[in-house]
Amino acid sequence: MIERARALVQQSRAIVAITGAGISAESGVPTFRGEGGLFRGRDGRELATPEAFAEDPGLVWSFYRWRRRVVARCEPNAAHLALAEAEDAGRCEVTVITQNVDGLHHRAGSRWIVALHGDLFVIRCSGCGRERHDPDPDWPPLEGRASADPDDPEGSVILPRCERCDALERPGVVWFGESLGNRVLEDAWAATKRANVVLVVGTSAVVQPAASIYRVARARGTTVIEVNPESTPISEDVDISLRGTAGAILPDLLGARRSEGG
Ligand code: BJW
Ligand code: ZN
């Protein structure tokens, strides 16, 4: 299976990698679903919806502040680096379409990134829509003391307000029930249509519309290869399903291109 997948990747002129939380798991970023997941057996709607934010912005901001702190301590892993190196090698077009908001593809050096669900380090005004980048993991500030350990229970977050219109600021991510930006969707469809091989890496493939992008590729006869230690709802519907971690498989799949090219 891996040899066949490697040969297909090696022959392709354009690759798309649709990535999910699993690609960052080996960096130490928790995934959403499953045991120990970010949603901790709870429905994501308790934390990742506009309704949850309207009801308890302090709770939602604490969750995202904690996430910013966790991610700031993590580094890109072998899977992020393999994608960045394949793009850098320039022997084929490599586009990363990611559901992740952790910025690790960017930190690994990938340049063609379509971030479907936004960015943990972007802050958006819920009133006027003004967006700004804030890389400080300890933001927003706490009412109480700040601990160096992101797992340590902390005080409450001081709710951030927009300098321009005074409405509450919110994380610049896409919650359930919110539309993905038109631009990111257009970029994702365009890259997928150009691809000869689509890799679906580290996603449970249950959240739409990301989970359906591979179908566009399949409908066009493009090869779809899944990389995941577990089976998912799309495993039976792809050309090759590789069972293993992204950090083990992606360097093997993509690295062959570099050694062959010299
Ligand atoms: C490893 C590994 C290792 C572990 N190596 N792998 C059509 C039908 C039904 C419902 C809908 C539909 N269209 C839209 C909806 C509603 C909704 C939706 O999809 N609901 C489903 C749950 C049913 N979608 C939306 O609301 C979207 N908006 C939209 O479509 O607007 C128009 C519309 C609205 C309403 C109705 C109809 C149309 C927006 C979705 C936004 C999702 N937002 C979140 C939060 C983002 C911000 C944040 O990060 O906090 O995005 S939810 C969360 O799930 C996050 C993730 O990006 C996303 C996907 O999770 P992912 O990446 O798959 O992670 P996990 O944890 O689920 O899986 C990890 C995988 O890794 C597992 O498989 C492991 O095995 C594997 N793994 N270690 C490789 N080392
Ligand atoms: Zn504002």
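Structure: above.
Residues numbered from 1 in each chain as written. Chains lettered and ligands numbered in written order. Predicted model: local features only at pLDDT ≥ 70, side-chain atom pairs only at ≥ 80, totals over all residues. Heavy atoms only, no water.

K.L.:
Looking at this structure, how should I read the coordination of the zinc ion (ligand 2)?
P.N.:
Tetrahedral coordination by four donors places them ideally at 109.5 degrees to one another around the metal; octahedral coordination by six donors ideally gives 90 or 180 degrees. Bound to the zinc ion (ligand 2) are the protein donor atoms C125 (SG), C128 (SG), C162 (SG) and C165 (SG), situated 2.3 to 2.4 Å from the metal. Sequence positions of the donors to the zinc ion (ligand 2) reduce to the motif C-x2-C-x33-C-x2-C. Of the two residues, C125 sits in strand β4 (residues 118-125) while C162 sits in the loop between β5 (131-133) and β6 (169-173), which places them 37 residues apart along the sequence. Given the relative accessible area of 3%, C125 is considered buried. (Donors = N, O, S within 2.8 Å, 3.2 Å for Na, K, Ca; no water. Helix = DSSP H or I, 4+ residues; strand = E, 2+ residues; numbered from the N terminus. Buried < 20%, exposed > 50% of the residue type's maximum accessible area, 1.4 Å probe, protein only.)

K.L.:
When you look at the site of ligand 1 in this model, what are you seeing that I'm missing?
P.N.:
Every one of the 33 residues lining ligand 1 counts as a neighbour, but R33, Y64, G177, S204 and Q208 are closest to it. A distance of 2.7 Å separates an oxygen atom of ligand 1 from a polar side-chain atom of R67. Between ligand 1 and N228, the relevant distance is 2.8 Å, taken from an oxygen atom to a side-chain nitrogen or oxygen of the residue. Relative to its free-state accessible area of 1,500 Å², ligand 1 is covered by the protein chains to the extent of 74%. Classifying every residue of the shell around ligand 1 gives 15 nonpolar, 13 polar and five charged. (Near = heavy atom within 4 Å. Polar contact = N/O pair within 3.5 Å; in protein donor to acceptor, adjacent residues only side chain to side chain. Areas by Shrake-Rupley, 256 points an atom, 1.4 Å probe, with all protein chains shown as cover. Nonpolar A, V, L, I, M, F, W, Y, C, P; charged D, E, K, R; others polar.)

K.L.:
How should the pairing of β4 be read in this particular structure?
P.N.:
A regular strand places its side chains on the two faces of the sheet in alternate fashion. Most of β4 is tucked away: six of the eight residues are buried. Bridging between β4 and β6 involves four bridges; their strand directions are antiparallel. When the sheet's bridge partners are listed, G118 is paired in β6 with V173. Sheet analysis places β4 next to β5, joined by three bridges and oriented antiparallel. Its bridge partner being in β5, I123 is matched across the sheet by R132. Hairpin connection from β4 to β5: five residues lie between these consecutive antiparallel strands, with G129 at a positive phi of about 85°. (Pairing = 2+ DSSP bridges.)

K.L.:
When you look at unusual backbone geometry in this model, what are you seeing that I'm missing?
P.N.:
Across the junction of W139 and P140, the peptide omega takes the value 0°, indicating a cis bond. Following the sequence through the fold, P140 ends up in the loop between β5 and β6. Note the cis peptide between Q208 and P209, where omega equals 0°. On the secondary structure map, P209 appears in the loop between β7 (197-201) and α7 (213-219). Of note in this structure, D166 is not a glycine but carries a positive phi near 70°. By the secondary structure assignment, D166 is in the loop between β5 and β6. Backbone geometry at A205 places phi at a positive 55°, although glycine is not the residue there. For A205, the location among the structural elements is in the loop between β7 and α7.

K.L.:
How should the sheet that holds strand β2 (residues 93-98) be read in this particular structure?
P.N.:
Strand pairing in a sheet is mediated by backbone hydrogen bonds. Such pairs are either parallel or antiparallel. Read across the sheet, six strands follow the order β3-β2-β1-β7-β8-β9 without closing on themselves; strand pairing throughout is parallel. The outermost strands of the open sheet, each flanked by one partner alone, are β3 (113-115) and β9 (240-242). Along the sheet, successive strands turn relative to each other by an average axial angle of 15°, direction set aside. Looking at chain direction, strand β1 (residues 14-19) and β2 are connected through six bridges and run parallel. Counterpart to V16 in the pairing with β2 is T95. Sitting on the sheet, helix α1 (residues 2-11) touches β1, β7, β8 (223-227) and β9, and the angle it makes with β9 is about 115°. (Axes fitted to C-alpha atoms, helices over the stretch in contact; angles between N-to-C directions. Contact = heavy atoms within 4.5 Å.)

K.L.:
How should the pattern of salt bridges be read in this particular structure?
P.N.:
Pairs can form between side chains of opposite charge once their charged atoms are near each other. Following the criterion strictly, the structure yields 15 salt bridges and no others. Here R194 ties to E93 by a salt bridge, and the two come within 2.9 Å at their closest N and O atoms. In this pair, R194 sits in helix α6 (residues 182-194) while E93 sits in strand β2, placing the two residues 101 residues apart along the sequence. For R194, a relative accessible area of 45% translates into the label partly exposed. (Salt bridge = Lys/Arg side-chain N within 4 Å of Asp/Glu carboxyl O.)

K.L.:
Sorry if this is basic, but what is going on with the packing of aromatic side chains here?
P.N.:
Given two aromatic rings, one states the distance between the centres and the angle between the planes to describe the pair. Overall, the coordinates contain four aromatic pairs when judged by the stated rule. With 5.5 Å between their ring centres and 40° between their planes, F53 and W175 make a pair best called tilted. Separated by 122 residues along the polypeptide, F53 in helix α2 (residues 50-55) and W175 in the loop between β6 and α6 bring together distant segments of the chain. In this pair, the class of F53 matches that of W175, namely buried. Ring centres of Y64 and W175 lie 6.2 Å apart, and the angle between their planes is 55°; this geometry places the pair in the tilted category. On the criterion of sequence distance, the pair formed by Y64 in helix α3 (residues 57-73) and W175 in the loop between β6 and α6 is long-range, its members being 111 residues apart. On the basis of relative accessibility, which here comes to 4%, the residue Y64 falls in the buried class. Judged by relative accessible area, which is 3%, W175 ranks as buried. The cationic tip of R132 hangs over the ring face of W139; the distance from NZ or CZ to the ring centre is 4.8 Å. For R170, the ring lying beneath its charged end belongs to W175, and the centroid distance is 3.9 Å. (Phe/Tyr/Trp six-rings, centres within 6.5 Å; stacked < 30°, edge-to-face > 60°. Lys NZ or Arg CZ within 6 Å of the ring centre and 35° of its normal.)

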